[in-house]
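Structure at a glance
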Amino acid sequence: MTHSAHPAEPPTEAAHEHRLLRRFLFIISAVALAAFAGLLVAGDILLHRAGPMLKAKVIETLSARYDSRVELEKFQVSMIKGFEVSGTGLRLYPNHLDMTDPMLEANSFSFHMVHWQQLFRSPIFVNRVQVHGLTVRIPPKNQRSSVARFSRGGPGQDAGSAQPGPPGSALKIAAGEVLIDQADLIIENGNPAKQPLHFVIHRVRLDSVAAGRPLRFHATLINPKPVGNIDSTGDFGPFNQDSPGDTPIDGTYSFTNANLNPFKGIGGILSSTGSYGGQLDRIDVTGETRTPNFSLDTAHRPMPLNTTFHATVDGTTGDTYLSPVDGWLRKTHIVATGKVIRNPSGGPGHEIHLNVTIGPGRVQDILDLASDRNPPLMNGDLQLHADLLLPPDPGSVTDRVRLNGTFAIARARLTSPKFQHEVDQLSLRGQGKADQAQQENNALKAGNAQAATAADIASDMRGNFLFANRRLSLTTLNYQVPGAKIALSGVYNLNGESLDFHGTARMNAHISQMVTGWKAFLLIPVDPFFAKHGAGTEIPVAITGTRANPQIGMDHH
C-alpha cells in the first residue's frame, strides 16, 4: 500500500527570526566594509594631502629657524602604526656662509606619534625621533660668528624658540627621545693642507627635547687625538643665545683605550674616568687617569703612570687649565699645575706650560723613564722643581720640550760597581783614609767587586738645570761625599751622549794624605800649593768623554 507524502510544515517563528538576523548582520557587514573602504580612501587622500603640507611646513620651519636653504629629498607619512613620518636626504645650507657642503646633513630620519590628534596640539609631541647618518660641519674659526647666527636662527631670533617670525608661521615640536646613530662632527681649520678635526660619534641619545629645556644626553664617540673611546652622560642647556659661554653643562665620562703614540716622543694606552660641570666657557672637570705602560722614545721602557686631576676647560676654545694634576710614576710623586692652550701664534697645535714638582721621588724612576740604561745610573731620593714648556711645533716631545729648574738627590748610590768604586775612592781619599782606599783598589784588581765597593758611600747632589734641544745644561752642580765637595757646570748632550763638565774639587785631606807609601812622603812639600780657601786640597777637575766611557781627571785648561 502506497502512502502519500505529508504536506510541508509552515516555518516556525524562531527560524524566521534567525533569517532576519543573518540578513541584518550581512547588511551591517556590508555597510561596515563600505565605511572602512571609505575611510581607507579618505585616509589615502588625507595622507597624500597631509604629506606634502607637512613636508612644506618642516622645510619652512627649518629654513626660518636656521636662516638656511633646506633640502629634503623624500618625506613619507604612514598611519599603519599610529602616525609615522620618515624622510631622507635632509640638508641645511646656511644663507650667510659660503659652504660647498651642507652644515647639517641627515641621511635618514623618522618619528612616531601614538595618536594623529597630536598634530593639532602645540607643541606637537613626538615620542621618538631616529636619525641615521648625521653630519655636522663646523666652519673655520674666522666664520664662527656666523655659526652663532646660525644657532640663533638668524638676526634677532631666540635660540630657545623653534618659532621665529609671526605666531603660527612654523611648527613647535617637542620630542620624548632623539636617537642618533653614526654621527660625524667635523671641525674645519681653514687650512686646505691640514686635515680637519673629526669626531666619530657612534650613538647619541637625547631625552626630553624641547625648546628652553636642558638636553639630557648619552653619547659614545671616538676621540680623534689621542684616539680612544669616550662614553658620556649628562645635561646640556638650555642654550643661552645672548652669551653662549654661559650655557650650563654637567655630566660624567669614561675615556678608554687612548693610544698616546700619535704624540711623537711618548707612548702608552691611557684610560680616564671623571665628572664635569659648570658652563660652556668654564667647565670644571675632576677625574683620574691610568696609563700602565707610559714611555718616552729616549728609553722605550714602559712604566705605570696614574694621576688624579682637577681642570677648568673652556668649551668654546678648548683651552684647559690644570689645578692640579697629582700623579705617581712608580713610587715617585709628581704634581703639576699649568695650562694647555691654543697655539699663541694662531697656527695648528697647542702649547703646554706646566709647573712641575717631584717629591718624594726616586731618581731611578725618572732615569728608567728617560734613559735606556739598564739598570739606571743611580738610585736615590729625588726632589725637583721645574717649569715645563712644550711648544706646538711638530716633532718629538723630547726634541721640543724645555725644562728649567732645580733638583736635589740625596743618598745616591751608583749602580755600576766601577763607578761606585770611583765614588768610594774619592770619599776615602778625601777623608785621608788612603790605606782603606788602597785595599779597595787591590780588591778590584783581584776581581772582587764586592770588596772593591765595601765602603758603599752615598752621594748628595743638587743644582740648577736647563733641558732643551736634547741637551742637559747644568749651570751649577754641587756634588758631595764625606771628605769631598765638587762644584761643576757643563753640558750632557743626549744625541751623542757626550759629557763636558768642568769645575773644582775640594777635599778635607791634604794631597799627601790621599796616597800611600813613598808617594805620600814626596807630596808633603806641595801640600801648601793645593790647600786653598780652607780646604786641605783644591784642584780643578773635568768630566769628559761619553756616558759609556767617562773621563774624570784634573782640568788642565
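Data block above holds the structure.
Bear in mind that the values here come from a model prediction, so they are computed numbers and not experimental data.

What follows concerns the overall build of the protein chain. Within the protein chain, the secondary structure is distributed over nine helices and 24 strands. Going through the 557 residues of the protein chain one by one, you find that 39% of them count as buried. Long-range contacts, defined here as pairs at least 24 residues apart, represent 51% of the contacts in the protein chain between residues at least 6 apart. Accessible area of the protein chain: about 30,900 Å², with a carbon and sulfur share of 58%.

What follows concerns the environment of isoleucine 201. As for its placement among the helices and strands, isoleucine 201 is situated in strand β6 (residues 197-209). Isoleucine 201 gets classed as buried once you look at its relative accessible area, which sits at 15%. Considering only alpha carbons, one finds isoleucine 201 and aspartate 181, 20 residues apart in sequence, at a separation of 7.7 Å. Each residue touching isoleucine 201, except ones within four places of it in the same chain, is listed here: Gln182, Ala183, Leu185, Thr220 and Leu221.

Our next topic: the packing of aromatic side chains. Summed over all chains, the structure comprises one aromatic pair. Across from the ring centre of tyrosine 93, 4.1 Å away, lies the NZ or CZ of arginine 69, which sits over that ring.

This next bit is on the nonpolar core. Core analysis: the largest hydrophobic core is formed by 90 residues, its most contacted members being Phe75, Leu90, Phe407 and Ile409. If one sorts the elements of this core by residue count, strand β17 (residues 378-390) sits on top with six residues. When neighbours within four sequence positions are excluded, isoleucine 409 is seen to be in contact with Val363, Met378, Gly380, Asp381, Leu382, Ser459, Asp460 and Met461.

Right, let's get into a nonpolar patch on the surface. On the surface, Trp518, Phe521, Leu522 and Ile524 cluster together into a nonpolar patch covering about 520 Å² of accessible area. The class for phenylalanine 521 is exposed, based on a relative accessible area of 62%.

The subject of this paragraph is the pairing of strand β18 (residues 402-414). Strand direction decides the pairing type here: β17 and β18, joined by 11 bridges, are antiparallel. When the bridges of β18 are listed, leucine 384 appears paired with phenylalanine 407. Of the pairings in the sheet, the one linking β18 to strand β19 (residues 459-468) comprises eight bridges and is antiparallel in character. Of the residues in β19, the one forming a bridge with alanine 412 is serine 459.

Further remarks concern the side chain of glutamine 420. Relative to the helices and strands, glutamine 420 is located in helix α5 (residues 417-430). Apart from the residues within four sequence positions on either side, glutamine 420 is in contact with Arg413, Leu414, Thr453, Asp456 and Ile457.

Once that is clear, we can look at α5. For α5, with 14 residues, the first-to-last C-alpha span of 19 Å sits near the 20 Å given by 1.5 Å per residue. Within α5, 10 of the 14 residues are buried, which leaves it mostly tucked inside the rest of the structure. Just downstream of α5 lies glycine 432, where phi reads positive at about 85°.

Enumeration over the complete set of coordinates arrives at 16 salt bridges. A salt bridge links aspartate 365 to arginine 362; the shortest N-O distance between them is 2.8 Å. Judged by relative accessible area, aspartate 365 falls into the buried class, the value being 0%. By sharing partners, the salt bridges in this structure join Arg301, Arg330, Arg362, Asp365 and Asp368 into a single network.

Basis of the calculations
Residues numbered from 1 in each chain as written. Predicted model: local features only at pLDDT ≥ 70, side-chain atom pairs only at ≥ 80, totals over all residues. Heavy atoms only, no water. Helix = DSSP H or I, 4+ residues; strand = E, 2+ residues; numbered from the N terminus. Buried < 20%, exposed > 50% of the residue type's maximum accessible area, 1.4 Å probe, protein only. Contact = heavy atoms within 4.5 Å. Areas by Shrake-Rupley, 256 points an atom, 1.4 Å probe, with all protein chains shown as cover. Phe/Tyr/Trp six-rings, centres within 6.5 Å; stacked < 30°, edge-to-face > 60°. Lys NZ or Arg CZ within 6 Å of the ring centre and 35° of its normal. Core = buried A, V, L, I, M, F, W, Y, C linked by side-chain atoms within 4.5 Å. Patch = residues over 30% accessible without salt bridge, like charges linked within 9 Å, V, L, I, M, F, W, Y side chains within 5 Å. Salt bridge = Lys/Arg side-chain N within 4 Å of Asp/Glu carboxyl O. Pairing = 2+ DSSP bridges. Expected span 1.5 Å × (residues − 1).

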